[in-house]
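# Understanding the architecture of this molecule
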Amino acid sequence: MPNPSRQGLLTIGEVASRTGLAVSAIRYYDDQGLVAARRTPGGKRMFIRSDIRRLSFILIAQQMGFSLEEIRIQLKQLPLERTPTKRDWEKISRGFRSHLDARIAMLERLRDRLDGCIGCGCLSLEACKLYNPGDRMRETGTGPRLVLQESVRSNDPQ
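Think of each chain on its own: its residues are numbered from 1, step by step along the sequence as written. Since the coordinates come from a predicted model, pLDDT governs what is reported: local features require at least 70, and pairs of side-chain atoms require 80 or more to be given and counted, while whole-chain, interface and lining totals use all residues. Hydrogens and water molecules were not included; the side-chain quantities draw on all heavy atoms of the structure.

A score from 0 to 100, pLDDT tells how confident the predictor is in each residue. With 72% of its residues at a pLDDT of 70 or more, the protein chain shows a mean pLDDT of 79. Residues are treated as being in contact if the distance between any of their heavy atoms lies within 4.5 Å. This stretch, residues 1–6, has a pLDDT under 50; its non-local contacts, to residues over four places away or in other chains, come to seven contacts. Predicted confidence is poor over residues 152–158, with pLDDT under 50, and the contacts of this stretch with residues over four places away or in other chains come to 17 contacts.

Printed below as a string of structure tokens:
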């Protein structure tokens, strides 16, 4: 059999070397349909060069906190049989932008409010008299809603 790399295909080991991913992770992403390996008659997985970009995108998106399902939804917009173009990647970028903007806003709220009340309703800090007088937040639910939600209370001194 001719060398697969000369035919434009890469072995799973070559892809692992290029992406820094473990072979087992690449197999998993293939099994999950995030990349589409071609199979030799002997069942060996072979990848096209653009799979390196897809796998790198998966790695980056996971580092940014996206779930595999969120990544899968975005990757469905990319072609499997050719290298994605700049326009293809721009579509994905637009899809992730609103999620990233929401996460950035939440992180900014967390940063700006972390030294005060985080909206847990515990009333354990002196400042809670300002953030949650009369423990009114218990009526709206549980958890750190004042950080996770966009709306800011009107009496929030920040």
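Right, let's talk about the pattern of salt bridges for a bit. By convention in these notes, a salt bridge is any Lys or Arg side-chain nitrogen within 4 Å of a carboxyl oxygen on Asp or Glu. Taken as a whole and judged by the stated rule, the model has six salt bridges. Two residues, R45 and D31, come together in a salt bridge whose shortest N-O distance is 3.3 Å. Highlighted residues: R45 in strand β3 (residues 45–48) and D31 in helix α2 (residues 23–31), separated in sequence by 14 residues. By the criteria applied, helices consist of DSSP H or I runs no shorter than four residues and strands consist of E runs no shorter than two, each listed in order from the N terminus.

Once that is clear, we can look at the sheet that holds strand β1 (residues 9–11). The antiparallel open sheet is built from three strands, whose spatial order is β1-β3-β2. Since the sheet does not close on itself, it has two edges, and those belong to β1 and β2 (38–39), each with one partner. Pairing geometry for β2 and β3, over two bridges, is antiparallel. What sits directly across from R39, in β3, is R45. Across the sheet, helix α3 (residues 50–63) is in contact with β1, β2 and β3; its angle to β3 comes to roughly 90°. Strands qualify as paired when DSSP identifies two bridges or more between them. The axes are straight lines fitted to the C-alpha atoms, using for helices just the contacting stretch, and the angles between their N-to-C directions are given from 0 to 180°.

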